[in-house]
Amino acid sequence: MPAMSFFHSRFHSRFSLRVYITSMFTALIILLGAVLIYAQHRHNSAFLLAGSEYRLDVLKNRLSRQLEHELSNIHTGLTLMRSNGVTLATSEQDPARWWPLLHPLLTANPQVTAFYVGESDGRILAFRMMRDQQVRTAFAAPETADLMMVIMAPDSAARRFYFDQAYRMVDETEVHAESFDSRTRPWFAPSLAQPDLHITPPYHFHSSQVPGITLSLGDAGQQRVWAADLLLRDLDAQLKLGLPEARTLLLQAPAFQVLASSQPDSAPADTLPDFHGLKGFEILSTRPDLASWEVELDGDLWLGQQTPLTLTAGSNSKLDLRLSTLIPYRKLMANALDFGRTQTWLTLLIVALSLPVVIMASRAISRPLRQMAEDLKGIQEFDFNGLKARHYFYRELDALARAITLMHRTLAGFIQELRSLSQSDDFNDMLQRLSQGIQHLSGGQRCLVYRARQQEHAPCLVLLDKEQQHQVPLPDKAEPDELSALLLQSLEGHGLRFEPPWLLYDRFGKLNGAIVLGLGYGAAPLSAGKRRFISHYSEFANLALEDMTLFEQQQQMTESMIRVIASAIDAKSPYTSGHCQRVPELTLMLARAAHHSDTGNYADFRLSEREWEALYLASWLHDCGKVVTPEHVIDKATKLETIYNRLHEIRMRFEVLKRDADIDYWQGRAGGEDEPRLASIRAEQHRQLDEDFAFIANLNQGGETVNQAQLERLNRIAERRWLRTLDNTLGLSWEEQQRRGNSEPVPAWEPLLADKPWHRIPYPARERIDDDNPWQITLVQPELKLDLGECHNLSIARGTLTPEERYTINAHMVHTLIMLSELHYPDHLSDVPMLAAGHHERMDGRGYPRSLKAGELPLQARMMALADVFEALTAADRPYKQPKRLSEALTIMAAMVRKQHLDPGLFRFFVEQELYLQYGHRFLAPGQLDPVNKQQILELMS
């Protein structure tokens, strides 16, 4: 054994892998050949593709110049028509008048089928040339006719005038099947809206069913448009000449309609084909700006290329065109493929000749490498069982094997600690496991984790340990060495030797915490490698501490924000002050009682920490929709009140009538009539007006139910007239002016009370809630947003709110649901919108906003509903009612339970646990805390 050990040690370090380097030349030959083949192929391919792109650019430039030349000529022609005053009126007077101008224009632009003049009354004047027999036949032109002028009008026959080359009229006819309206043509309205040339997207012309575009020039002052139709039929030939071996298309973006093709037979001739029907170009439908692509068609590989071609007309109109082509790969790359095949055969020949040497060398090298590969595969698959310690004769391989063994053991321990950490479900537990992991990996006896905190506005380090308390005050702006010394000094006398601490800083350089490792007094100091390893490992603790701080800050910010929102809602109206703050208190009070209940219906009811957070947020935000509810509706104390009480306007009308009675009296006196009779009439009129106004004022208060007799009297009063002599549309805002419309002539007799059309204010389209709304809201929205009619408001049967205003009040639940649904929540808060917006639902499904039944509502939402009702009944800050005593509030709520408004089991629990009394001691006046007969209250439920 000693001899073998000596032999092993001698040969263990004698051999080197350099001996086998020469055997790897064969592999280098293969690599070099592959690189050369690849580089040459790339070079050839790039050269050929660049040539193809160049030819495509040349074709694009040629097409662009041709189209721009044609557009420029047409622009000139339209400008001449406009400047010379070519109109339908002048043509009707003298049909041949404009042919000396238009005949040369049509001759110079063979692709123009016609020049047009569109009039504001819908009529169209068109000038055409009979360029071939097909056109002559299509328009039923005489054989001697070379030119044609057409006058078309809406709902009437078209008049055709035929002329020869000398502009002499040879025939005239009417066509009843041809009727057009210039105002409906795609070129008419856009041309009037811009001062420069307008160009339409391509479409099929009605007369020829051939694709083309229309260029138009408008005059907004004359309300007249001059236009020309341009054919695109000669572009197919241009595409064939540009890239004869390719399949080329001219497309219009973004719809990618085919305007021209080098193979026009590939698409139907009668319609603009759907782009998806053309093989090889389908990818452009999803990636319209793709410059190049590859596609396989019928077993062959084709290369696609695309370049943009923007066609500009004037300063405002342009067409976004794309020139796209498909080239067969084999034809384009024929030379490159032949060269690649030659290079491949040459490389394979060299490999075949070198193969025996490579095999001999690989056998000697692959065996230990294969073994180490198996060990590394186990590490890669996180399998740390069954590793064998290996030794090799080669120095480099043996060092690598030792490194693999060390890495295996280190990772095994590290993974074990990570597995422990992953089982933590809170930050404190995670930090505790991190502490145990560092202690285990380092062999220490104690590992302390400190967190940087602000205690009474002073920074300090706080030990995260449930059993022991330890704080280390920190000076401001202390250096790391000073912090380490201060921390170690505070730990003296604890029976351990503490290593210099690892200070943890967040990404902004702020102290996050510290980790201190305690060793036995006889233990050796940690090596630099172990300290470095613990430093990396402690980054988990750093992340946990930072996340803990961020989570607490975000949670505090969220809570403070919702409190601010709730306070803002309460501050909107002095009559609901404190409601949004008291309802959460009662809701959480009820939830805590159910959570801690060990018997009864809620013995199994338990809320997790995350569910508590969701309930907390939902209860504070339960009325956030009131932010958009107008204050004058929330605080409406009288029927005629909006921003102000409109009774004052009506009072002035009564004053006017009383002054009219006085005027009638004095006019009668001046005319010599009997004074006692006049005085009696005036006194009777004054008395009647006083009584009628007192009646209106009493109705306005809304304290009594309005009966049929009162409604009839209201209508009689409303029919009385008073004389208005001032324009009632002066001094109004633009919005009110728009509602009222034009002013009426004055003087005008007005009814004493009126429901005017401008009193009816509809909902804007953006505020309409349809039946298929995404929030499943079932609360029926009235036709009007507001109805300010005076009789309409005074006729309210009970209270002061119209049906429209009552919906506005109830719609705060709609807005709460919509607003909260728009927020992005973590998973555990996803129920916040339902909880917050469900406290006006009823157990029988007749509540709002979504008509949910008891089984569809979480228990927490039903708790909030009960809390909302109880708080509203007992609140002392409502102008329209006195606060209820406990017994009165519970009696009303028992009736609501009987009518299936509230959850009966929850109300029973609320009464039996005397939670109403617990709430009353905190929030109600002493006078409201009267005795409650719980048994009697519970009997009222059924």
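What you are looking at is a predicted structure, and each value in this text was computed from that prediction instead of being measured. (Residues numbered from 1 in each chain as written. Predicted model: local features only at pLDDT ≥ 70, side-chain atom pairs only at ≥ 80, totals over all residues. Heavy atoms only, no water.)

Engineer: Would you take a moment to explain the overall build of the chain for this structure?
Structural biologist: Helix and strand counts for the chain come out as 30 helices and 24 strands. Counting only residues that meet the buried cut, the chain has 45% of its 942 residues in that class. When contacts within the chain are restricted to residue pairs at least 6 apart in sequence, long-range pairs at least 24 apart make up 60% of them. Summed over its atoms, the accessible surface of the chain is roughly 50,500 Å², and 54% of this surface lies on carbon and sulfur atoms. (Helix = DSSP H or I, 4+ residues; strand = E, 2+ residues; numbered from the N terminus. Buried < 20%, exposed > 50% of the residue type's maximum accessible area, 1.4 Å probe, protein only. Contact = heavy atoms within 4.5 Å. Areas by Shrake-Rupley, 256 points an atom, 1.4 Å probe, with all protein chains shown as cover.)

Engineer: Teacher, can you tell me more about the environment of Trp 293 here?
Structural biologist: Tracing the sequence through the fold places Trp 293 in strand β12 (residues 292-297). Here Trp 293 falls in the buried class, since its relative accessible area comes to 6%. Ignoring anything within four residues of it in the chain, the contact list for Trp 293 reads Gly 280, Phe 281, Ile 283, Leu 284, Trp 302, Leu 303, Gly 304, Gln 305, Gln 306, Ser 324, Thr 325 and Leu 326.

Engineer: Mind showing me how you'd approach helix α24 (residues 812-821) here?
Structural biologist: For an α-helix, the turn length of 3.6 residues means that residues three or four places apart are oriented alike. Across the 10 residues that make up α24, a large majority, seven, are buried. Those residues of α24 not exposed but buried are His 812, Met 813, Val 814, Thr 816, Leu 817, Ile 818 and Leu 820. Taken together, the buried residues of α24 touch α23 (803-810) and α25 (832-836).

Engineer: What am I meant to see in the nonpolar core here?
Structural biologist: Within soluble globular proteins, side chains that are nonpolar tend to cluster in buried spots. Leu 590, Met 863, Phe 870, Leu 890, Met 893, Phe 907 and Phe 910 are the most contacted members of the largest nonpolar core, which totals 57 residues. Put simply, the parts of the chain that give this core at least two residues each are α15 (579-595), α16 (609-620), α25, α26 (859-874), α27 (886-898), α28 (904-912), α29 (915-923) and α30 (934-939). With 10 residues, the top contributor of residues to this core is α26. Beyond its immediate stretch of four places on either side in the chain, Phe 870 contacts Leu 586, Leu 886, Ala 889, Leu 890, Met 893, Phe 910, Tyr 916 and Tyr 919. Within the second largest apolar cluster, 45 residues are counted, among which are Phe 115, Ile 199, Ile 213 and Leu 311. (Core = buried A, V, L, I, M, F, W, Y, C linked by side-chain atoms within 4.5 Å.)

Engineer: How do you make sense of the packing of α15 against α16 when you look at a structure like this?
Structural biologist: Each pair of packed helices can be described by the angle between their axes along with the distance between the axes. It is at 8 Å that the axes of α15 and α16 come closest, and there the two elements cross at 150°. In terms of their interaxial angle, α15 and α16 are classed as roughly antiparallel. With respect to the hand of their crossing, α15 and α16 are arranged in right-handed fashion. On α16, the residues touching Cys 580, Gln 581, Pro 584, Thr 587, Leu 588, Ala 591, Arg 592 and His 595 of α15 are Trp 612, Leu 615, Tyr 616, Ser 619 and Trp 620. Split into classes, the residues belonging to the contact of α15 with α16 amount to eight nonpolar, four polar and one charged. (Axes fitted to C-alpha atoms, helices over the stretch in contact; angles between N-to-C directions. Parallel < 35°, antiparallel > 145°, perpendicular 65-115°, else oblique. Left-handed = near helix turned anticlockwise from the far one by under 90°. Nonpolar A, V, L, I, M, F, W, Y, C, P; charged D, E, K, R; others polar.)

Engineer: Explain the environment of Ala 34 here, please?
Structural biologist: Examined against the element boundaries, Ala 34 turns out to sit in helix α2 (residues 25-84). Residue classification places Ala 34 among the partly exposed positions, given a relative accessible area of 41%. Along the primary structure Ala 34 and Thr 344 are separated by 310 residues, whereas in three dimensions their C-alpha atoms are 7.9 Å apart.

Engineer: Looking at this model, I keep getting lost on the side chain of Glu 841. Mind explaining?
Structural biologist: Note on placement: Glu 841 falls in the loop between α25 and α26. For the buried Glu 841, no salt bridge exists, and the shortest N-O distance to an oppositely charged side chain is 5.0 Å, to Arg 850. Setting aside anything within four residues of it in sequence, one finds Glu 841 in contact with Gly 847, Tyr 848, Pro 849, Arg 850, Ser 851, Leu 852, Leu 857 and His 901. (Lys, Arg positive; Asp, Glu negative; His and termini not counted. Salt bridge = Lys/Arg side-chain N within 4 Å of Asp/Glu carboxyl O.)

Engineer: What is the right way to look at the pattern of salt bridges in this model?
Structural biologist: For side chains bearing opposite charge, pairing can occur when the charged atoms are close. Within the structure shown, the criterion is met by 35 salt bridges. The shortest N-O distance in the salt bridge between Arg 724 and Glu 750 comes to 2.9 Å. In this pair, Arg 724 is assigned in strand β21 (residues 721-724) and Glu 750 in strand β22 (residues 748-751), connecting sequence segments 26 residues apart. Each of Arg 724, Glu 744, Glu 750 and Lys 756 takes part in salt bridges that share partners, so that together they form one network.

Engineer: I keep staring at a nonpolar patch on the surface and nothing clicks. Help me out?
Structural biologist: Together, Leu 346, Leu 349, Ile 350 and Leu 353 give the surface a local cluster of nonpolar side chains, amounting to about 390 Å² of exposed area. On the accessibility criterion, Leu 353 (67% relative accessible area) is exposed. (Patch = residues over 30% accessible without salt bridge, like charges linked within 9 Å, V, L, I, M, F, W, Y side chains within 5 Å.)

Engineer: What is the right way to read the side chain of Gln 928 from this model?
Structural biologist: Mapped onto the elements of the fold, Gln 928 is located in the loop between α29 and α30. A residue is classified by how much of its surface remains accessible, and Gln 928, at 6% relative accessible area, is buried. The residues touching Gln 928, leaving out its near neighbours within four places in the chain, are Thr 874, Pro 883, Lys 884, Arg 885 and Leu 886.

Engineer: Explanation requested: the confidence of the model for the chain in the structure shown.
Structural biologist: Low pLDDT marks stretches whose predicted atomic positions should not be read closely. Per-residue pLDDT for the chain averages 79, and the proportion of residues at 70 or more is 80%. Of the regions scoring below 50 in pLDDT, residues 1-19 engages in 19 contacts with residues more than four places distant in sequence or in other chains. Considering only residues more than four positions removed or in separate chains, one finds that residues 265-276, a stretch of pLDDT under 50, has 26 contacts. (pLDDT = per-residue confidence, 0-100.)

Engineer: Mind showing me how you'd approach the pairing of strand β1 (residues 112-118) here?
Structural biologist: It is a general feature of regular strands that their side chains alternate between the two faces of the sheet. A large share of β1 lies buried, amounting to seven of its seven residues. Pairing of β1 with strand β2 (residues 124-129) involves five bridges; the strand directions are antiparallel. The partner of Tyr 116 across the bridge, within β2, is Ala 126. (Pairing = 2+ DSSP bridges.)

Engineer: Sorry if this is basic, but what is going on with the packing of aromatic side chains here?
Structural biologist: Aromatic ring pairs: the centre-centre distance and the angle between the two ring planes describe each pair. Scanning the model with the defined rule gives 13 aromatic pairs in all. An angle of 90° between the planes, with centres 5.3 Å apart, marks the rings of Trp 99 and Phe 127 as edge-to-face. Of this pair, Trp 99 sits in helix α4 (residues 99-108) while Phe 127 sits in strand β2; the two residues are 28 residues apart in sequence, bridging distant segments of the chain. Across this residue pair, the class does not change: Trp 99 and Phe 127 are buried. Both rings, one in Phe 870 and one in Phe 910, keep their centres 5.3 Å apart while their planes meet at 70°; by these two values the pair is edge-to-face. Of this pair, Phe 870 sits in helix α26 while Phe 910 is found in helix α28, placing the two residues 40 residues apart along the sequence. As far as the burial class goes, Phe 870 and Phe 910 line up, both buried. Grouping aromatic residues by their ring pairs yields a cluster made of Phe 870, Phe 910, Tyr 916, Tyr 919 and Phe 923. Here Arg 531 stacks its cationic end above the ring of Trp 502, 4.2 Å away from the centre of that ring. For the cation-ring pair, Arg 740 lies above Trp 758, with the distance from its terminal atom to the ring centre recorded as 3.6 Å. (Phe/Tyr/Trp six-rings, centres within 6.5 Å; stacked < 30°, edge-to-face > 60°. Lys NZ or Arg CZ within 6 Å of the ring centre and 35° of its normal.)

Engineer: I'm lost on unusual backbone geometry in this one. Help?
Structural biologist: For residues other than glycine, phi is negative in most cases, and the peptide bonds are mostly trans. In this chain, Val 746 is followed by Pro 747 through a cis amide linkage whose omega measures 0°. Note that Pro 747 resides in the loop between α21 (734-740) and β22. The omega torsion across Tyr 848 and Pro 849 is 15°, close enough to zero to call that bond cis. Looking at the secondary structure, you find Pro 849 in the loop between α25 and α26. Non-glycine residue Ser 851 carries a positive phi angle of around 55°. Checked against the element boundaries, Ser 851 lands in the loop between α25 and α26. Residue classification places Ser 851 among the partly exposed positions, given a relative accessible area of 30%. Phi is positive for Gln 900, which is not a glycine, with a value near 65°. Note that Gln 900 resides in the loop between α27 and α28. For Gln 900, a relative accessible area of 41% gives the class partly exposed.

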